[in-house]
Amino acid sequence: MSLQDTLSNYVKQAVNADFNINLETVEFQATRKEFAGDITVVIFPMLRFIKGNPVQIGETIGSYLVNNVTEVKSFNVVKGFLNVEISDAYYLNFFNGIKNDSAFGFVSPKADEKAVMVEYSSPNTNKPLHLGHVRNNLLGYSVAEILKASGKKVYKTQIINDRGIHICKSMLAWEKFGSGETPESTGLKGDKLVGNYYVKFDQEYKKEIQNLIAAGSTEEDAKKNAPLLLEAQNMLLKWEAGDKDTVALWTKMNGWVYDGFAESYKNLGVDFDTLYYESNTYLLGKEFVAEGLKSGVFVKEEDGSVWCDLTEDGLDKKIVLRADGTAVYMTQDIGTAIQRIKDYPDVGGMVYTVGNEQDYHFQVLFLILKKLGFDWAKNLYHLSYGMVDLPSGKMKSREGTVVDADDLIDDMAATAEEISEELGKLDGYSTQEKKELYKTIGLGALKYYILKVDPKKRILFDPKESIDFQGNTGPFIQYTYARIQSILRKGNLNPDVAINATQTALHPKEKELIKQIQLFPEVIQNAANNHSPALIANYTYDLVKEFNSFYQNVSILGADNDTEKMLRVQLSQVVANTIKNSFSLLGVHVPERM
RNA sequence: GGGCUCUUAGCUCAGCUGGAUAGAGCACCUCCCUUCUAAGGAGGCGGUCACAGGUUCGAAUCCUGUAGGGCUCACCA
């Protein structure tokens with residue numbers, strides 16, 4: 001039983017004994033720094049049941065606690081707040097109990113519980129990844145890891161958007177203007193090469209539009225009738241008809257892109273358990289549209305298009321199949337969801353990591369799946385996140401105003417190198433070791449910068465102002481970890497020596513640290529429930545701040561006696577381990593030195 | 001126009017299901033390396049929590065309205 005539960009019971013007992021009233025709940029909060037005590041009972045809510053002066057009630061309950069609960073050392077009452085001080089022995093017992101648990105806070109998956117599928121990344125295969133995708137990937141990966149740590153079995157997946165008119169555009173441009181260029185011949189990453197032709201298409205298309213307008217066409221007509229667009233549309237038809245050459249070109253160019261993506265994913269440190277391709281699942285959705293027509297969930301219009309009427313649910317009518325019978329986005333998403341549950345029967349819910357511009361889409365998708373009668377539809381969650389904007393506004397691939405993912409990662413590592421070189425603490429590290437360290441630090445800065453912000457909020461990224469390495473940053477936390485490693489190398493840690501709980505007095509800084517460590521399991525559950533890596537990041541930052549204050553104010557290796565020293569070294573070790581574990585949930589590595 | 005969402009210090013962000021004098025980092029100003037890594041620590045400056053009402057013992061937090069920003073309402077994805 002947790003301390004809070006124990007106290008809660010005793011508070012209820014006290015109220016029953018002294019006021020003859022049965023309380024339903026007791027409200028707690030951490031005691032604020034400026035007051036003595038560790039945990040605070042808020043008296044105000046009790047006033048609805050107990051008539052009286054809150055200070056007196058607090059005094060009465062406080063006395064009861066001191067007399068009846070061994071863990072309670074003393075108390076004080078300020079206004080309606082009963083501040084309770086907990087004995088050092090309690091914290092030391094707790095610490096002795098968890099200090100050798102290298103996975104403290106993590107819950108192993110239960111066999112009988114349903115798994116969760118987390119979808120993230122899901123890029124189009126016609127342009128390289130940019131900062132927006134980076135946020136998506138980091139969020140999805142981190143939430144998946146957090147869910148795992150909270151006790152869920154998790155599958156990571158993505159839907160690869162590999163078909164459609166936009167893909168044909170880059171194919172066509174490459175065919176017309178590419179003169180046989182390949183990643184090998186140019187030395188370009190495959191996704192970059194293909195992305196260039198997507199841009200090229202747009203440029204040439206715009207030229208054609210201008211020419212048509214000059215020749216007397218209206219802008220609207222010009223946009224519709226530009227020869228390049230017609231060719232691209234024709235190419236899509238050929239692709240859908242299975243034309244050999246078109247499919248071969250499609251396969252080749254997508255292959256380039258996948259190779260490029262694989263490299264970026266590796267750079268970012270994200271991974272997937274299973275992949276879905278839109279070209280494989282888009283037909284599937286149609287089957288279920290037919291089913292839904294039979295069961296009356298959908299309605300067919302005179303022109304042949306199929307709709308779902310959601311007006312009774314406060315939404316609009318939504319198209320699920322075009323008049324010509326081809327699939328729309330919604331059709332595919334219906335099919336993909338169903339396919340996934342078929343493939344993984346142990347999955348009981350899914351998380352979709354997709355930007356908040358698609359809030360409405362997912363609201364509709366989930367509702368349709370419910371209407372189709374799938375019971376797992378109630379466990380679908382849209383992990384909706386805010387856009388990453390530049391000071392100039394939105395990032396647009398076709399206009400070249402994007403922050404490229406690979407470049408950004410390289411830049412971060414370069415900054416880490418500059419700072420490290422300047423500080424010069426890496427004597428004895430090989431060039432290779434240094435290079436890896438710079439990447440660890442650079443990625444740490446980038447990932448933490450993005451993940452510490454509430455997913456729902458939009459991020460403004462100014463490429464001119466580089467990401468910080470000081471203060472509330474990834475490198476600051478990594479630095480603390482490295483510092484502790486240095487102590488552990490010198491400290492002769494013996495993790496098995498138990499600290500005598502009843503005969504050891506805790507330094508206030510030590511107690512604060514143990515209290516902070518104690519929060520970790522709850523933070524993981526909270527982060528999982530809220531799908532928020534930011535909660536993990538903020539927790540870690542608080543822990544690290546607490547440790548640095550301890551480190552600066554208390555001598556660890558120079559402690560007065562061996563017990564004291566052992567406690568402090570062990571405590572440092574547990575803090576380091578917690579940093580390592582919490583950072584692993586963010587996908588950030590920690591260095592031995594820096 | 002309808003729907004969703006956001007607005008907290010000069011800047012970037014915390015603030016758990018309503019609770020004590022709203023907290024961090026950056027920036028700016030002081031101090032602290034003959035002691036375990038100064039990417040650090042101790043302190044200072046800085047706020048009408050967009051605005052106006054309401055709910056109650058108590059509101060940054062809940063409700064309503066106003067202003068400003070974002071997203072969305074496609075046989076695009």
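Under an unreviewed UniProt entry, the name given to chain A is Arginine--tRNA ligase, and the source organism is Algibacter amylolyticus. What UniProt records for chain A under Subcellular location (unreviewed entry) is the sentence "Cytoplasm".

K.L.:
Tell me about the overall build of chain A, and name the residues and values.
P.N.:
A tally of regular secondary structure across chain A gives 20 helices and 14 strands. By principal-axis analysis of the C-alpha atoms, chain A measures approximately 90 × 65 × 45 Å. Here chain A holds 594 residues, and 52% of them are scored as buried. Within chain A, contacts between residues separated by at least 24 positions form 74% of all contacts whose residues are at least 6 apart in sequence.

K.L.:
An account of unusual backbone geometry is requested, with residue identities and associated values reported.
P.N.:
Positive phi is not limited to glycine here, since Ser121 has a value of about 75 degrees. The residue Ser121 is located in the loop between strand 5 (115-119) and helix 4 (131-149) in this model. Among the residues examined, Ser121 registers a relative accessible area of 5% and is labelled buried. Of note in this structure, Ser179 is not a glycine but carries a positive phi near 40 degrees.

K.L.:
Describe the nonpolar core, with residues and values.
P.N.:
Val41, Met46, Ile61, Ile86, Leu131 and Ile579 are the most contacted members of the largest nonpolar core, which has 143 residues in total. Tallying contributions element by element places helix 20 (residues 562-586) first for this core, with eleven residues. Non-local contacts of Leu131, meaning those with residues more than four positions away in its chain, are made with Val388, Met395, Val403, Leu408, Ile450 and Phe461. Ala115, Tyr344, Tyr352 and Trp376 belong to the second-largest nonpolar core, a separate cluster that totals 37 residues.

K.L.:
Talk me through the protein's contact with RNA strand B; I want residue IDs and the actual numbers.
P.N.:
As a matter of local geometry, RNA strand B sits amid 62 residues, with Phe81, Asp303, Lys425, Tyr479 and Tyr551 nearest to it. Restricting attention to atoms of RNA strand B within 4 Å of the protein, one finds that 60% of them are sugar or phosphate atoms. Between RNA strand B and Ser549, the relevant distance is 3.3 Å, taken from a phosphate oxygen to a side-chain nitrogen or oxygen of the residue. Broken down by secondary-structure element, the contributors of at least two residues to the surface near RNA strand B are strand 4 (81-86), helix 14 (405-423), helix 16 (474-490) and helix 19 (533-553). Of the residues forming the surface near RNA strand B, the biggest block, eight residues, is contributed by helix 19.

K.L.:
Break down helix 2 (residues 54-68) for me, with residues and values.
P.N.:
Spanning 15 residues, helix 2 covers 21 Å between terminal C-alpha atoms, matching the ideal 21 Å at 1.5 Å per step. Here helix 2 has its buried residues at Pro54, Ile57, Gly58, Ile61, Gly62, Tyr64 and Leu65. Buried residues of helix 2, viewed axially, fall in a sector of 160 degrees; they line one side. Away from its buried face by more than 90 degrees, helix 2 exposes Gln56 and Asn67. In this structure, the buried residues of helix 2 make contact with helix 1 (3-19), strand 3 (72-78) and strand 4. The N-cap of helix 2, judged by a side-chain oxygen 2.8 Å from the amide nitrogen of Val55 a few residues on, is Asn53.

K.L.:
Explain the sheet that holds strand 6 (residues 154-160) to me, using residue names and the numbers behind them.
P.N.:
Sheet architecture is open: five strands sit in the order 7-6-5-11-12, paired in parallel fashion. In this open sheet, the two edge strands, each paired with only one partner strand, are strand 7 (274-277) and strand 12 (380-385). The sheet shows a mean angle of 25 degrees between the axes of neighbouring strands, direction not considered. Contacts from helix 12 (residues 329-343) reach strand 5, strand 6, strand 7 and strand 11 (347-355) within the one sheet, and its direction differs from that of strand 11 by about 140 degrees.

K.L.:
Got a sec to walk through the pairing of strand 11? Specific residues and values, please.
P.N.:
Of all nine residues in strand 11, nine are buried; the element is thus mostly enclosed. Pairing between strand 5 and strand 11: five bridges, direction parallel. Bridge pairing in strand 11 places Ala115 opposite Val347. Pairing analysis gives six bridges linking strand 11 to strand 12, with the strands arranged parallel. When the bridges of strand 12 are listed, Met350 appears paired with Leu380. Regarding the hand of the β-α-β motif, the stretch spanning strand 11, helix 13 (residues 359-371) and strand 12 is right-handed.

K.L.:
Would you mind going over the UniProt feature "domain: DALR anticodon binding" (unreviewed entry) in chain A in detail, with residue names and values included?
P.N.:
UniProt records the feature "domain: DALR anticodon binding" (unreviewed entry) for residues 477-594 in the present numbering. Span residues 477-594 is 69% helix and 0% strand, its end C-alpha atoms 11 Å apart.

K.L.:
So what's going on with the side chain of Asn577? Which residues, and what values?
P.N.:
Take Asn577: it is sitting in helix 20. Dropping the residues within four chain positions of it, Asn577 is found in contact with Asp101 and Ser102.

K.L.:
Account for the sheet that holds strand 10 (residues 317-321), naming residues and giving values.
P.N.:
Strand pairing in a sheet relies on backbone hydrogen bonds, with the paired strands running either antiparallel or parallel. The strand order 8-9-10 describes an open sheet built from three strands, whose pairing is antiparallel. The two strands at the open ends of the sheet, each matched to only one other strand, are strand 8 (299-300) and strand 10. Strand direction decides the pairing type here: strand 9 (residues 306-309) and strand 10, joined by four bridges, are antiparallel. Within strand 10, the residue paired with Cys308 across the bridge is Lys318.

What counts as what
Sequence positions are assigned chain by chain, starting from 1 and proceeding in written order. In the order they appear in the text, chains get letters beginning with A and ligands get numbers beginning with 1. In keeping with the model being predicted, local features are shown solely for residues with a pLDDT of at least 70 and side-chain atom pairs are shown and tallied solely at 80 or more, while totals for entire chains, interfaces and linings include all residues. Excluded from the side-chain calculation are hydrogens and water; included are all heavy atoms of the structure. UniProt positions are given in the numbering used here, feature names are shortened, and annotations may be inferred rather than shown by experiment. Secondary structure elements are defined from DSSP: runs of H or I of at least 4 residues count as helices, runs of E of at least 2 residues count as strands, and each element is numbered from the N terminus. Think of it in three bands: residues with accessible area under 20% of the maximum for their type are buried, residues over 50% are exposed, and the middle band is partly exposed, with areas taken using a 1.4 Å probe on protein chains only. Any two residues whose heavy atoms approach within 4.5 Å are treated as being in contact. The set of buried Ala, Val, Leu, Ile, Met, Phe, Trp, Tyr and Cys residues whose side-chain atoms join them within 4.5 Å is what this entry labels a nonpolar core. Note on terminology: near, applied to a residue and a molecule or strand, indicates that one of the residue's heavy atoms is within 4 Å of it. The definition of a polar contact used here is a pair of N or O atoms within 3.5 Å, where within protein one atom must be able to donate a hydrogen and the other to accept one, and adjacent residues in sequence count solely through side-chain atom pairs. Each helix should span, by expectation, one fewer than its residue count multiplied by 1.5 Å. The arc under discussion is defined with respect to the helix axis, by the directions toward the C-beta atoms. Paired strands, in this sense, are two strands between which DSSP finds at least two bridges. In this description, a line fitted to the C-alpha atoms serves as the axis of each element, helices being fitted only across the stretch in contact, and the angle between N-to-C directions of two axes falls anywhere from 0 to 180 degrees. Seen with the strands pointing away from the viewer, any crossover whose path from the first strand over the helix to the second strand runs clockwise is right-handed.

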